[in-house]
Amino acid sequence: MKLYYSPGTIASASALALEEARLPWEPVRVDFEAEEQRQEPYLSLNPKGRVPVLVTTDGTFSETGAILEYIAARAPEAGLTPADPVALTRMRAAMYYFASTMHPNHAHKRRGHRWSDDPAAWVSMAAKVPDTMTDCAAYVEEHLLGDPFLLGDRLCVADCYLYTISTWLAGDGVDLDALPRLRAFQQAMAARPSVARVTELGMIAR
Ligand SMILES: N[C@@H](CCC(=O)N[C@@H](CS)C(=O)NCC(=O)O)C(=O)O
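Residues numbered from 1 in each chain as written. Predicted model: local features only at pLDDT ≥ 70, side-chain atom pairs only at ≥ 80, totals over all residues. Heavy atoms only, no water.

## Remarks on the packing of helix α1 (residues 11-21) against helix α3 (residues 64-74)
To keep things clear, this is the line we draw: Fitting a line to C-alpha atoms yields each axis, with helices limited to the stretch in contact; the angle taken between N-to-C directions then spans 0 to 180 degrees. Each helix is a run of H or I in the DSSP string that is no shorter than four residues. Each strand is a run of E no shorter than two, and both are numbered from the N terminus. With respect to orientation, any angle under 35 degrees is reported as roughly parallel, any angle over 145 as roughly antiparallel, any angle of 65 to 115 as roughly perpendicular, and every other angle as oblique. Any two residues whose heavy atoms approach within 4.5 Å at even a single point are treated as in contact. Residues are grouped as follows: Ala, Val, Leu, Ile, Met, Phe, Trp, Tyr, Cys and Pro are nonpolar; Asp, Glu, Lys and Arg are charged; every other residue, Gly included, is polar.
The contact between α1 and α3 brings their axes to 9 Å, and the two run at 5 degrees. Taken as axis vectors, α1 and α3 run roughly parallel relative to one another. Along its contact with α1, which presents A13, S14, A17, L18 and A21, the element α3 presents T64, I67, L68 and I71. For the contact of α1 with α3, the per-class residue count stands at 7 nonpolar, 2 polar and no charged.

Okay, here's the thing in structure tokens:
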């Protein structure tokens, strides 16, 4: 499998899951400076012009939540999604929240041009990010996180998603010292070989 990524982006969540699943994969860097994501040949892989993309023998996939569940399904022995339907629903609820709310809030820092053509509005949107991301992180802390992972002591693919997003928080102006569960989660994740490997590959923001 080939994972198309750019450093510091949500693509590292899929890399973490691939490592946790112990599946063979290869990273392919997309150069954001050169805007490769908005040009061919990349647009043929993902017409949305975003990373990640996972190229597999089953097809080419985008959208982090979908890719994460695909990876889990390809490696059932790794147990990266819960069998229990209630736990599975909680896992998906966390991933939908990350995709629909937390990641877009983060994107308001540098990608305001998606929502407005007015440069003054971009500044205003960026200024709001510490507030919106602090609210999101507090929601994760109080309502989503178990101990130490989202579903308790067993890691699932949504933890890979959350770990990547959590590496953005300090830069988004969130005070992590006020969030002890999130800190403990980050420490538990940082102890895993998957995080060491993906960090070594230069995919995770430090
Ligand atoms: N909903 C997509 C979002 C992907 C996304 O927005 N990726 C960002 C990086 S974090 C990107 O590729 N941005 C490139 C751009 O905006 O030009 C997912 O969850 O995979």
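## Side note on the packing of aromatic side chains
The test is simple: Only the six-membered ring of Trp is used, alongside the rings of Phe and Tyr, when aromatic pairs are assigned; centres must lie within 6.5 Å, and planes under 30 degrees apart are stacked while those over 60 apart are edge-to-face, with the rest tilted.
Considering all chains together, one arrives at 6 aromatic pairs under this definition. A centroid spacing of 4.9 Å and a plane angle of 55 degrees characterise the contact between Y97 and Y139, whose relative ring orientation is tilted. In this pair, Y97 is assigned in helix α4 (residues 85-107) and Y139 in helix α5 (residues 119-144), connecting sequence segments 42 residues apart. Each member of the aromatic cluster is reached from another via a ring pair, and the members are Y97, F98, Y139 and Y161.

## So, the domain arrangement of the protein
Stated formally: Note that domain bounds follow an automatic or database assignment of domains. Buried area: the accessible surface (1.4 Å probe) lost by two parts on joining, summed over both. Note on definitions: salt bridges are taken to be side-chain nitrogens of Lys or Arg within 4 Å of carboxyl oxygens of Asp or Glu.
Domain parsing of the protein yields domain 1 (2-78) and domain 2 (85-192). Between the C-alpha centres of domain 1 and domain 2 there is a distance of 20 Å. Opposite the 18 residues of domain 1 that make contact, domain 2 presents 17 residues. By the criterion of area lost to domain 2, the three top residues of domain 1 are I10, E20 and E69, representing 38% of everything that side buries. Linking domain 1 with domain 2 are 2 salt bridges, by the criterion used here. For the salt bridge of R92 with E69, the shortest nitrogen-to-oxygen distance reads 2.8 Å.

## Quick word on the site of the ligand
Rule in force here: One heavy atom suffices: a residue is near a molecule or strand as soon as one of its heavy atoms comes within 4 Å of it. Each polar contact in these results corresponds to two N or O atoms within 3.5 Å; when the atoms are within protein, one needs to be able to donate a hydrogen and the other to accept it, and residues that are neighboring in sequence are counted only if both atoms are side-chain atoms. Under the convention used here, a 1.4 Å probe and the Shrake-Rupley method define accessible areas, while residue burial counts only the protein chains that appear.
What surrounds the ligand is a group of 15 residues, the closest being R38, V51, E63, T64 and R114. Between the ligand and the protein, one listed contact pairs an oxygen atom with a side-chain N or O atom of Q37 at 2.8 Å. Within the backbone of V51, a nitrogen or oxygen atom sits 2.8 Å from an oxygen atom of the ligand. When the free accessible area of the ligand is taken as 510 Å², the share hidden by the protein chains comes to 89%. Of the residues assigned to the shell around the ligand, the class counts are 5 nonpolar, 5 polar and 5 charged. Both domains that furnish three or more residues to the shell around the ligand are identified here as domain 1 (2-78) and domain 2 (85-192).

## Describing the nonpolar core
The condition that has to hold: Nonpolar core, defined: a set of buried Ala, Val, Leu, Ile, Met, Phe, Trp, Tyr and Cys residues in which side-chain atoms within 4.5 Å join the residues together. Think of it in three bands: residues with accessible area under 20% of the maximum for their type are buried, residues over 50% are exposed, and the middle band is partly exposed, with areas taken using a 1.4 Å probe on protein chains only.
Ranked by internal contacts, the top residues of the largest apolar core, which has 61 residues, are F98, M102, V140 and L182. Of the residues that make up this core, three or more belong to each of domain 1 (2-78) and domain 2 (85-192). Not counting chain neighbours up to four residues away, the residues in contact with M102 comprise Y97, M133, C136, A137, V140, I165 and L169.

## Details of the pairing of strand β2 (residues 26-29)
Put simply, the rule reads: By the convention used here, strands pair only if DSSP detects at least 2 bridges between them. Seen with the strands pointing away from the viewer, any crossover whose path from the first strand over the helix to the second strand runs clockwise is right-handed.
Looking at chain direction, strand β1 (residues 2-5) and β2 are connected through 4 bridges and run parallel. What sits directly across from Y4, in β2, is V28. Traced from β1 through α1 to β2, the parallel crossover comes out right-handed.

## A look at the sheet that holds strand β4 (residues 59-62)
Read across the open sheet, the 4 strands follow the order β2-β1-β3-β4; overall the sheet is mixed. Edge positions in the sheet fall to β2 and β4, since each of these pairs with one other strand and no more. Neighbour-to-neighbour, the strand axes of the sheet open up by a mean angle of 20 degrees, direction not taken into account. The sheet contact formed by β1 and strand β3 (residues 53-56) spans 3 bridges and is antiparallel. Residue Y4 lies in a different strand from β3, and its bridge partner there is V53.

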